[in-house]
Amino acid sequence: MANIKSAKKRILVNRTKAARNKAIRSAVKTSIKKVEVAVQNNDKEAAQAALTNAISTISKATSKGVYHKNNCARKVSRLTKAVNSIG
(Lines give C-alpha, C1' and ligand atoms only; values in the text may rest on other atoms or scores of the structure.)
Protein backbone atom coordinates (compact mmCIF):
# COMPACT_ATOMS: atom_id res chain seq x y z
CA MET A 1 0.00 0.00 0.00
CA ALA A 2 1.22 3.49 -0.84
CA ASN A 3 2.32 5.87 1.91
CA ILE A 4 2.42 9.10 -0.07
CA LYS A 5 -0.82 11.07 -0.27
CA SER A 6 -0.65 11.64 -4.03
CA ALA A 7 0.00 7.92 -4.64
CA LYS A 8 -3.05 7.03 -2.51
CA LYS A 9 -5.14 9.42 -4.58
CA ARG A 10 -3.85 7.92 -7.84
CA ILE A 11 -4.94 4.47 -6.62
CA LEU A 12 -8.46 5.74 -5.92
CA VAL A 13 -8.71 7.61 -9.23
CA ASN A 14 -7.43 4.60 -11.18
CA ARG A 15 -10.03 2.36 -9.53
CA THR A 16 -12.78 4.78 -10.48
CA LYS A 17 -11.60 5.02 -14.09
CA ALA A 18 -11.18 1.24 -14.37
CA ALA A 19 -14.74 0.71 -13.15
CA ARG A 20 -16.05 3.22 -15.70
CA ASN A 21 -14.09 1.63 -18.54
CA LYS A 22 -15.27 -1.84 -17.52
CA ALA A 23 -18.91 -0.72 -17.59
CA ILE A 24 -18.48 0.84 -21.03
CA ARG A 25 -16.72 -2.27 -22.41
CA SER A 26 -19.49 -4.45 -20.99
CA ALA A 27 -22.15 -2.33 -22.72
CA VAL A 28 -20.29 -2.65 -26.03
CA LYS A 29 -20.01 -6.43 -25.69
CA THR A 30 -23.72 -6.71 -24.89
CA SER A 31 -24.72 -4.65 -27.93
CA ILE A 32 -22.44 -6.73 -30.16
CA LYS A 33 -23.98 -9.96 -28.84
CA LYS A 34 -27.48 -8.66 -29.61
CA VAL A 35 -26.49 -8.07 -33.23
CA GLU A 36 -24.87 -11.51 -33.50
CA VAL A 37 -27.96 -13.24 -32.08
CA ALA A 38 -30.22 -11.42 -34.55
CA VAL A 39 -27.91 -12.39 -37.43
CA GLN A 40 -27.91 -16.01 -36.25
CA ASN A 41 -31.72 -16.02 -36.24
CA ASN A 42 -31.79 -14.47 -39.75
CA ASP A 43 -33.91 -11.58 -38.47
CA LYS A 44 -32.91 -8.73 -40.77
CA GLU A 45 -35.02 -5.99 -39.14
CA ALA A 46 -33.93 -6.82 -35.59
CA ALA A 47 -30.33 -7.10 -36.74
CA GLN A 48 -30.41 -3.67 -38.35
CA ALA A 49 -32.00 -2.10 -35.26
CA ALA A 50 -29.41 -3.77 -33.03
CA LEU A 51 -26.65 -2.70 -35.41
CA THR A 52 -27.66 0.96 -35.15
CA ASN A 53 -27.60 0.71 -31.37
CA ALA A 54 -24.27 -1.13 -31.40
CA ILE A 55 -22.59 1.42 -33.68
CA SER A 56 -23.75 4.20 -31.36
CA THR A 57 -22.45 2.39 -28.27
CA ILE A 58 -19.09 1.60 -29.89
CA SER A 59 -18.65 5.17 -31.13
CA LYS A 60 -19.39 6.57 -27.66
CA ALA A 61 -16.83 4.20 -26.15
CA THR A 62 -14.27 5.38 -28.69
CA SER A 63 -14.95 9.06 -28.04
CA LYS A 64 -14.43 8.43 -24.31
CA GLY A 65 -11.06 6.85 -25.00
CA VAL A 66 -11.96 3.29 -24.03
CA TYR A 67 -11.27 1.91 -27.52
CA HIS A 68 -8.83 3.00 -30.22
CA LYS A 69 -10.49 4.40 -33.34
CA ASN A 70 -9.20 1.55 -35.53
CA ASN A 71 -10.57 -1.01 -33.07
CA CYS A 72 -13.92 0.77 -33.27
CA ALA A 73 -13.84 0.80 -37.06
CA ARG A 74 -13.00 -2.92 -37.15
CA LYS A 75 -15.86 -3.84 -34.82
CA VAL A 76 -18.37 -1.74 -36.77
CA SER A 77 -17.16 -3.13 -40.08
CA ARG A 78 -17.48 -6.75 -38.93
CA LEU A 79 -20.96 -6.19 -37.55
CA THR A 80 -22.14 -4.38 -40.68
CA LYS A 81 -20.74 -7.14 -42.88
CA ALA A 82 -22.55 -9.76 -40.78
CA VAL A 83 -25.88 -7.91 -41.01
CA ASN A 84 -25.50 -7.38 -44.77
CA SER A 85 -24.85 -11.12 -45.22
CA ILE A 86 -28.44 -11.91 -44.18
CA GLY A 87 -30.32 -12.94 -47.31
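Throughout, residues of each chain are indexed from 1 in the direction in which the sequence is written. Reporting in this predicted model follows two pLDDT cut-offs: at least 70 for local features of residues, and 80 or more for side-chain atom pairs to be given and counted; totals over whole chains, interfaces and linings ignore these cut-offs and use all residues. Calculation of side-chain values draws on the structure's entire complement of heavy atoms; hydrogens and water are dropped beforehand.

1. Quick notes on the side chain of Ser31
Helix numbers and strand numbers start at the N terminus; a helix is a DSSP run of H or I with at least 4 residues, a strand a run of E with at least 2. Here Ser31 lies in helix α1 (residues 5–40). Any pair of nitrogen or oxygen atoms within 3.5 Å is treated as a polar contact; in protein, a donor-acceptor pairing is required on top of that, and neighbouring residues in sequence qualify only through side-chain atoms on both sides. Polar contacts involving the side chain of Ser31 include one to the main-chain carbonyl oxygen of Val28, which spans 2.8 Å. Not counting the four nearest positions on each side in its chain, Ser31 is found in contact with Ala54 and Thr57. In this description, contact between two residues means that some pair of their heavy atoms is separated by no more than 4.5 Å.

2. Looking at unusual backbone geometry
Glycine aside, residues mostly have negative phi angles, and peptide bonds mostly take the trans form. A positive phi angle, close to 55 degrees, is found at Asn42, a residue other than glycine. Its place among the elements puts Asn42 in the loop between α1 and α2 (44–63).

3. Considerations on the packing of α1 against α2
To characterise two packed helices, one gives the angle between the axes of the helices and the distance between these axes. For the pair α1 and α2, interaxial distance at closest approach is 8 Å and the crossing angle is 160 degrees. The angle between α1 and α2 falls in the class roughly antiparallel. For the crossing formed where α1 meets α2, the hand is left-handed. The segment α1 lies against α2, with Ile24, Ala27, Val28, Ser31, Ile32, Lys34, Val35, Ala38 and Val39 engaging Ala46, Ala47, Ala50, Leu51, Ala54, Thr57, Ile58 and Ala61. Partitioned by chemical class, the residues of the contact of α1 with α2 number 14 nonpolar, two polar and one charged. For every element, the axis is a line fit to its C-alpha atoms; helices are fit only across the contacting stretch, and the angle between N-to-C directions ranges from 0 to 180 degrees. Note on angle classes: values under 35 degrees are labelled roughly parallel, values over 145 roughly antiparallel, values of 65 to 115 roughly perpendicular, and the remainder oblique. Rotating anticlockwise by less than a right angle from the far helix to the near helix defines a left-handed crossing, while the corresponding clockwise rotation defines a right-handed one. Amino acids are sorted into nonpolar (Ala, Val, Leu, Ile, Met, Phe, Trp, Tyr, Cys and Pro), charged (Asp, Glu, Lys and Arg) and polar (every other residue, Gly among them).

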